[in-house]
Amino acid sequence: KTTTGEKLTEALDTEFLEPEIMRRQLGLVDYDNKDTPLVTRKLHERIRELLMQRIPAIFSRVYISRNVREESYTLIRDMSEELERQVQAVLIECVCSEQEAKRRIMARPDKDELHCMPNDPRVWDRIKGYEEPISEEEMAAVPHFSFLTFNTERNQLERVLVRSTHGKAIEVLESALV
């Protein structure tokens, strides 16, 4: 997920926004779920700033549950209304095998003086237990979003649902990833 976000950030010459990076920027040392509302608010503020300037925002987040995805759906819908134009948004679900995911997690650096992404592969097991797949009904309810699945192990991108107005944006994303 992070590598994909970094690739897109470079291709689009924009900023990479991720909760773990924001936690470090805020000087947080250890993960505490109580910090999540502050971290999310700061990230959403930065996304708003970028979108107001018509600059793409790359927001990398674990969209494991519909509640978490709803926050982004709401942000983009509200921004579209506020700007009186459709803000294009694409949710890219990054997937790979369990074995590869755990290998990547274990390869993360050890903790330093600030918050670091966990490198314990049991994190994957815990997160998978909360997974709520994106349904067709969910996708239909958010017309300002297109949906892609990117297999990061095989370097394959699948168009799950592409809105007719998002064709150019999808082509840019595809060329950056595959």
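Remember, predicted model here, so these are calculated numbers, not experimental data.

Observations regarding the nonpolar core
Phase 1 of the analysis: Ranked by size, the top nonpolar core spans 22 residues in total, and within it F145 and F147 carry the most contacts.
Phase 2 of the analysis: Put simply, the parts of the chain that give this core at least two residues each are α3 (36–52), α4 (66–83), β3 (89–95) and β4 (145–151).
Phase 3 of the analysis: Setting aside chain neighbours within four positions, we find F145 in contact with S72, Y73, I76, A89, V90, L91, R163 and H166.
Phase 4 of the analysis: Listed in part, the 9 residues of the second largest apolar core include F16, I58, I92 and F150.

Structural notes on the pattern of salt bridges
Side chains that differ in charge, positive against negative, can pair when their charged atoms come close.
Phase 1 of the analysis: Evaluated as defined, the whole model comprises 13 salt bridges.
Phase 2 of the analysis: K1 serves as the salt-bridge partner of E18, at 3.7 Å between the closest nitrogen and oxygen. Of this pair, E18 sits in the loop between β1 (15–17) and α2 (19–25) while K1 sits in the segment before α1 (2–12), placing them 17 residues apart in sequence.
Phase 3 of the analysis: With relative accessibility at 3%, the residue E18 sits in the buried group.
Phase 4 of the analysis: The exposure class of K1 is partly exposed, given its relative accessible area of 37%.
Phase 5 of the analysis: We note a salt bridge from D78 to R77, for which the minimum N-O separation is 3.9 Å.
Phase 6 of the analysis: For D78, a relative accessible area of 33% translates into the label partly exposed.

Comments concerning the packing of α3 against α4
Phase 1 of the analysis: Running from N to C, α3 and α4 point in directions that differ by 35°, and their axes come no closer than 11 Å. Handedness of the α3/α4 crossing: right-handed. Contacts from T40, H44, I47, R48, L51 and M52 in α3 reach E71, L75, I76, M79, E82 and L83 in α4.
Phase 2 of the analysis: Its residues placed into classes, the contact of α3 with α4 shows 7 nonpolar, 2 polar and 3 charged.

A look at the environment of V62
Phase 1 of the analysis: In this fold, V62 is placed in the loop between β2 (57–59) and α4.
Phase 2 of the analysis: Relative accessible area serves as the criterion here: at 35%, V62 is assigned to the partly exposed category.
Phase 3 of the analysis: Put simply, V62 and L173 are 111 residues apart on the chain and 19 Å apart in space, counted from C-alpha to C-alpha.

With respect to the pairing of β4
Phase 1 of the analysis: For β4, the tally of buried residues reaches 7 of 7 residues, placing the bulk of the element in the interior.
Phase 2 of the analysis: Along β4, one buried face is formed by F145, F147, T149 and N151 and the opposite face, lined by S146, L148 and F150, is buried too.
Phase 3 of the analysis: Bridge analysis of β3 against β4 gives 7 bridges, and the strand direction is parallel. Considered in β4, the bridge of V90 is made with S146.
Phase 4 of the analysis: As judged from the 5 bridges shared by β4 and strand β5 (residues 156–161), these two strands associate in the antiparallel manner. Counterpart to T149 in the pairing with β5 is E158.
Phase 5 of the analysis: Counting the residues that bridge the hairpin from β4 to β5 gives 4 residues, and of these N155 lies at a positive phi of roughly 55°.

The rules behind the values
Residues numbered from 1 in each chain as written. Predicted model: local features only at pLDDT ≥ 70, side-chain atom pairs only at ≥ 80, totals over all residues. Heavy atoms only, no water. Core = buried A, V, L, I, M, F, W, Y, C linked by side-chain atoms within 4.5 Å. Buried < 20%, exposed > 50% of the residue type's maximum accessible area, 1.4 Å probe, protein only. Helix = DSSP H or I, 4+ residues; strand = E, 2+ residues; numbered from the N terminus. Contact = heavy atoms within 4.5 Å. Salt bridge = Lys/Arg side-chain N within 4 Å of Asp/Glu carboxyl O. Axes fitted to C-alpha atoms, helices over the stretch in contact; angles between N-to-C directions. Left-handed = near helix turned anticlockwise from the far one by under 90°. Nonpolar A, V, L, I, M, F, W, Y, C, P; charged D, E, K, R; others polar. Pairing = 2+ DSSP bridges.

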